Structure formats: structure tokens, C-alpha cells
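Listed below are the residues making up each chain.
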Amino acid sequence: MAQWTSAVGAAQLARLLTSQQERPAGPGTRRPPAYRALADGVRLLVLEGRVPVAARLPAERELALSLSVSRTTVAAAYEALRAEGFLESRRGAGSWTAVPAGNPLPARGLEPLPPEALGSMIDLGCAALPAPEPWLTRAVQGALEELPPYAHTHGDYPAGLPALRATLADRYTARGIPTMPEQIMVTTGAMGAIDAICHLFAGRGERIAVESPSYANILQLMREAGARLVPVAMAEGLAGWDMDRWRQVLRDAAPRLAYVVADFHNPTGALADEDQRRQLVDAARSAGTVLVVDETMSELHLDEGLEMPRPVCGFDPAGSTVITVGSASKAFWAGMRIGWVRAAPDVIRSLVAARAYADLGTPVLEQLGVNWLLSTGGWEQAVDIRRGQARENRDALVAAVRRELPSWEFSVPGGGLTLWVRTGGLSGSRLAEVGERVGVRVPSGPRFGVDGAFEGYVRLPFTVGGAVAEEAAIRLAAAARLVEDGVSGASEDPRTFVA
């Protein structure tokens, strides 16, 4: 019986491998033999999860043709991967990817680093901050006081607690977007909301237009659901959406869904202006595309005097085009797994009905905690603390990276939690790999793209500040020097590469 569970085609693997070499090598870089470079490339793809474990690789002849190299080069690369434990083969069954004994399986998204590893590793992988105390404790205490009446029920509220739905609807109304509680469904985080929306609107094989780059975990969620992702390139720097490209994609590809982050985009930090929002809603309506707008970063405006545009759903008064997703995870605390959907009542009813076959509902205690925060003024005070933390961290990280890595390029966003950095011609995948060896964990650019795009980037979140931010930049600079020196680590114990 074959040991592989999926397959990677020669053309697809060639695209992924070629993306790692699109940017020129740094000065003085030692170029490895062709077979070694190919083996290193496949190994990186496996370690990052962009090629799954137990995926059948193409035959040597097929991959050689796609890469325009000799079959001998591919055969030598496969043999090196087998020797290192990253490939297994059997006559008649082909060759499939593996990880050496003792290694954890690589994640395909951005999973948080286990707390026990934080002592030795600076974690720049997860864009989330510690809870803004004392407001977490007060919210839990307030929730416990409100819990007794709910404890006498079955505890399943597929649409969410009525009190929280009403509070969220009132907040949209206060922002100038008239909203009824029937237009709100409470979910288990924003990921739960988007997962439910994808299952309702986009079955396997359906097209979903996504910003390029976009949030890595959402991209992977959509891939796992069987969607066909259609990337739409962002404008340069912090300019937001390229509307000519959006209109072309919506017209030509006619995607069933489009997923966007208008407010402090993850990872670039861009803030779409009102004209871009209006144009995108009009274009989506004309194409018959449902526009899913992620507002999880919307309250994290950091620069003084920054005027926020109207919500995207404000340009869709009929409610037929835009579905809005919000969350407490970024603005308050990631451990408070409360998200929500704002949409037309018929869409909410369909999402609620489908939920009977998913998770039935969101934990009551957490809903009561968020409702306590929103209804007492605690939310605004907690978010103000969060903005102060993020602002200080951003400024410290920006200063440290500019000092230690002056050739790296980025634009400083006015809000959000992430910095999108061009790495001066170095491979983001190799920086991520080597970074773990020197004690800093950073996600590479290709995690935020489709088919290997953004190899020359990394994402740096504003999760550390002060001396830790300075040390993170020092370790990133050390990793960059190792990459520039051509250190691949292929002859080392592969277990050192995975946290």
C-alpha cells in the first residue's frame, strides 16, 4: 500500500521552488551545487508546511523537465533528502515527503509557540499581545455574576447570547451602520466565522479572491476547504488595494467570495480609504461576488489624529454584498475566543442552521465576559491599553530593525499589529529556518501568498518591545548573516530546525 496521502505536481513544485530564488542572492553568498540547492528547497517547503508531509513528489524525469535541469540533478537531490529523513521511497509506489524521527509535524499556518518554549525563543510568529489587565479579570468576574440564569438552560445558543447580539448590533448602529440583533451571529473567534462563511458560500472548487499577500491562517483554512484561491496584488507600500486589478479579477474570474482586510491589513498594515471601499463594494456587487470583510484590526489605530474611514458595510446599505467579521482576539485578547458575523438576516439564519452540524455554539462564559466589557465601558479602556502597548512595541521594533538591518525595507503602518518587511534580497524561508537556530521565530513571506509568492519578505508583529525588541533584531541580523554566508544547515541534525 502507498504511504502517501496527497500529491504535488511537477509544475506546482517547480513554481514553489522557483519562488525561493526569485530575488538575487546576497553579496558573497556561496552557491551550493544544483542538487544541494534543490534538496534544500524541498526541505524548506516541507519544514514550512507548504508541501505537506506524506505528499507524493513527481517522478524524477517530470520534475527535471519542469525545472529545466538534468535528471541526474533531481536524482541526487532525492537521494540527499532520503539520507536526511525528508523523503521516503518504495519501488512501484514512488517517493513521498517525510520528517525525520523526533520532529514535530510542521504546521501549515501560523500556530502559537508553546508557552514552555518562550524562555529560549523570541516568538515573532503570532501577532497577539498579553491580556490587558485588570480588564480580563474584571470581565471574568462580571461574567460569573451574570452566569446563574444561563446555568439553568441547556447552554447552547447557536446564534449567540441574545444580550451580546443586541450589544454588538448597537455598536454598529452607533458607528452609523443601522443593525438589528437578527443581523449578528456570535462565533468562536474570527476563524470560526470565516470557516462558517466559506462552508456556506464556497463549496469545493469554488473561487475565492484574496489579497496578495493575505493572512496566512485564513489562506490555509480556505485551501483546506477545497477553495481555488485567486490572488489580487496589493498596491505598493501602504497604498491599500489596487482597484484596477480588483475590477479585472472580479470581472474575469467571477469568484463566489472575496476576502479582504480593509483596516490595517494583515500583514502589510495598509488602511483602505473610503473611495477604495466604495469602489470595491460596487465592483463586487456588479460581479455577484460576496465580499467578506475582516475587521479584527479595526480598533487598533495607533497614530494620534488618524481618522478612520467608514466601515466597508456602510457602502452596502441593502446588505446584499458585504459580510463583516469582527473579533475580540486582536483588540482585547486572543484567549477570549469570541468573534461575530454581521450580515443580512437571511444569511445569519443560514449560518445558524448550518451550525447544528459544526460546534452548536460559542462558550457562554466568554460571551458574557465580552458583553460585560462592551456594556460597561471596560472595552474602551482595555483597548486603549492595547493601543498603548502596540504603539510602544511598534516604535521599539522599528528602531531596532532599522539599526541592526539597515538594508531591510518597510513602511510603518498607522495601526494594526504587523510590519511587512522586504529582506534586502534574502530568502524569507531561509531566514525563518536559520532564525530558529539563533533563537528568534519569524514567519516567512510565502506563508502569506499563493504558490510561493513573497519569498523576499518576512512579517514582524508588534508583540515585543524594549530590550526584547532590540534582542529580536540582533538575532534576526545574526540569522541574516548566516543566510548571506550560504549556511543551509543541510549537514546538521534536521531536528535543530523545528521548534
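- For the protein chain, an unreviewed UniProt entry supplies the name PLP-dependent aminotransferase family protein and the organism Streptomyces sp. R21.
- Quoted verbatim from the Sequence similarities (unreviewed entry) field of UniProt, the annotation for the protein chain is "In the C-terminal section; belongs to the class-I pyridoxal-phosphate-dependent aminotransferase family."

Some remarks on the overall build of the protein chain
And then number 1: Scanning the protein chain from N- to C-terminus turns up 16 helices and 15 strands.
And then number 2: Across the 499 residues of the protein chain, 54% fall into the buried class.
And then number 3: Intrachain contacts of the protein chain at a sequence separation of at least 6 include 76% that bridge at least 24 residues.
And then number 4: A total accessible area of about 20600 Å² is found for the protein chain, and carbon and sulfur atoms account for 52% of it.

Digging into the sheet that holds strand β7 (residues 207–212)
And then number 1: In spatial order, the strands read β6-β12-β11-β10-β9-β7-β8; together these seven strands make up an open sheet with mixed pairing. Whereas interior strands pair on both sides, the edge strands pair on one side only; in this sheet they are β6 (184–187) and β8 (228–233). Taking the axes of each pair of neighbouring strands and ignoring which way they run, one obtains an average angle of 20 degrees across the sheet.
And then number 2: By the bridge criterion, four bridges tie strand β10 (residues 290–294) to strand β11 (residues 322–327) in an arrangement that is parallel. Note that in β11 the partner of Val-292 across the bridge is Ile-323.
And then number 3: Seen against the sheet, helix α10 (residues 243–253) touches β7, β8 and β9 (257–260) and runs at an angle of roughly 155 degrees to β8.

Structural notes on a nonpolar patch on the surface
And then number 1: A surface patch of nonpolar side chains, amounting to about 220 Å² of accessible area, comprises Val-140, Leu-144 and Leu-365.
And then number 2: Inspection of the secondary structure assignment puts Leu-365 in helix α13 (residues 364–376).

Some thoughts on helix α12 (residues 345–354)
And then number 1: Looking at α12, one finds that the buried residues are Val-347, Ile-348 and Leu-351. Here the buried residues of α12 occupy an arc of 100 degrees about the axis, which is enough to place them on one side.
And then number 2: Buried positions along α12 lie against α7 (162–174), β6, α8 (189–201), β11 and β12 (339–342).

Some thoughts on the environment of Ala-166
And then number 1: Of note, Ala-166 is situated in helix α7.
And then number 2: On a C-alpha basis, the gap between Ala-166 and Pro-181 in space is 4.8 Å, while along the polypeptide they are 15 residues apart.

So, the confidence of the model for the protein chain
And then number 1: For the protein chain, the average pLDDT comes to 88, and 89% of its residues sit at 70 or higher.
And then number 2: Note that pLDDT drops below 50 for residues 489–499; the model gives that stretch 30 contacts with residues more than four away or on any other chain.

Quick notes on the environment of Thr-289
And then number 1: Along the polypeptide, Thr-289 turns up in the loop between α11 (274–287) and β10.
And then number 2: In this structure the C-alpha to C-alpha distance between Thr-289 and Leu-257, which are 32 residues apart in sequence, comes to 5.4 Å.
And then number 3: Beyond its immediate stretch of four places on either side in the chain, Thr-289 contacts Leu-250, Ala-254, Pro-255, Arg-256, Leu-257, Ala-258, Ala-284 and Thr-321.
And then number 4: Here the side chain of Thr-289 touches Pro-255 through a polar contact of 2.8 Å, landing on its backbone oxygen.

Observations concerning the packing of aromatic side chains
And then number 1: Tallied over the entire structure, the rule returns six aromatic pairs.
And then number 2: Between the aromatic rings of Phe-332 and Trp-379, the centroid separation amounts to 6.1 Å while the plane-to-plane angle is 20 degrees, which identifies the pairing as stacked. Here Phe-332 is found in the loop between β11 and β12, whereas its partner Trp-379 is found in helix α14 (residues 378–404), with 47 residues between them in sequence. Grouping residues by exposure puts Phe-332 and Trp-379 together as buried.
And then number 3: Taken together, a centroid distance of 5.9 Å and an interplanar angle of 80 degrees make the contact between Phe-454 and Tyr-457 edge-to-face.
And then number 4: On the accessibility criterion, Tyr-457 (13% relative accessible area) is buried.
And then number 5: Aromatic ring contacts, followed pair by pair, group Trp-420, Phe-448, Phe-454 and Tyr-457 into a single cluster.

What about unusual backbone geometry?
And then number 1: The residue after Glu-133, namely Pro-134, is reached through a cis peptide bond having omega 10 degrees.
And then number 2: Mapped onto the elements, Pro-134 comes out in the loop between β5 (122–123) and α5 (135–146).
And then number 3: Residue Ser-212 is joined to Pro-213 through a cis peptide bond whose omega torsion reads 10 degrees.
And then number 4: Counting through the fold element by element, Pro-213 comes out in the loop between β7 and α9 (216–224).
And then number 5: We note that Ala-254 has phi near 45 degrees; this positive angle belongs to a residue other than glycine.
And then number 6: On the secondary structure map, Ala-254 appears in the loop between α10 and β9.
And then number 7: The residue Phe-264 is not glycine, and still its phi comes out positive at about 55 degrees.
And then number 8: With respect to the helices and strands, the residue Phe-264 is situated in the loop between β9 and α11.

Concerning the packing of α8 against α9
And then number 1: Contact geometry of α8 with α9 gives a least axis separation of 10 Å together with a crossing angle of 30 degrees. One way to sum up the angle between α8 and α9 is to call them roughly parallel. For the element pair α8 and α9, the recorded crossing hand is right-handed. Residues Met-191, Ile-194, Asp-195 and Cys-198 of α8 lie in contact with α9, whose contacting residues are Asn-217, Ile-218, Leu-221 and Met-222.

The rules behind the values
- Residues numbered from 1 in each chain as written.
- Predicted model: local features only at pLDDT ≥ 70, side-chain atom pairs only at ≥ 80, totals over all residues.
- Heavy atoms only, no water.
- UniProt positions renumbered as here; feature names shortened; annotations may be inferred.
- Helix = DSSP H or I, 4+ residues; strand = E, 2+ residues; numbered from the N terminus.
- Buried < 20%, exposed > 50% of the residue type's maximum accessible area, 1.4 Å probe, protein only.
- Contact = heavy atoms within 4.5 Å.
- Areas by Shrake-Rupley, 256 points an atom, 1.4 Å probe, with all protein chains shown as cover.
- Pairing = 2+ DSSP bridges.
- Axes fitted to C-alpha atoms, helices over the stretch in contact; angles between N-to-C directions.
- Patch = residues over 30% accessible without salt bridge, like charges linked within 9 Å, V, L, I, M, F, W, Y side chains within 5 Å.
- Salt bridge = Lys/Arg side-chain N within 4 Å of Asp/Glu carboxyl O.
- Arc of directions from axis to C-beta.
- pLDDT = per-residue confidence, 0-100.
- Polar contact = N/O pair within 3.5 Å; in protein donor to acceptor, adjacent residues only side chain to side chain.
- Phe/Tyr/Trp six-rings, centres within 6.5 Å; stacked < 30°, edge-to-face > 60°.
- Parallel < 35°, antiparallel > 145°, perpendicular 65-115°, else oblique.
- Left-handed = near helix turned anticlockwise from the far one by under 90°.

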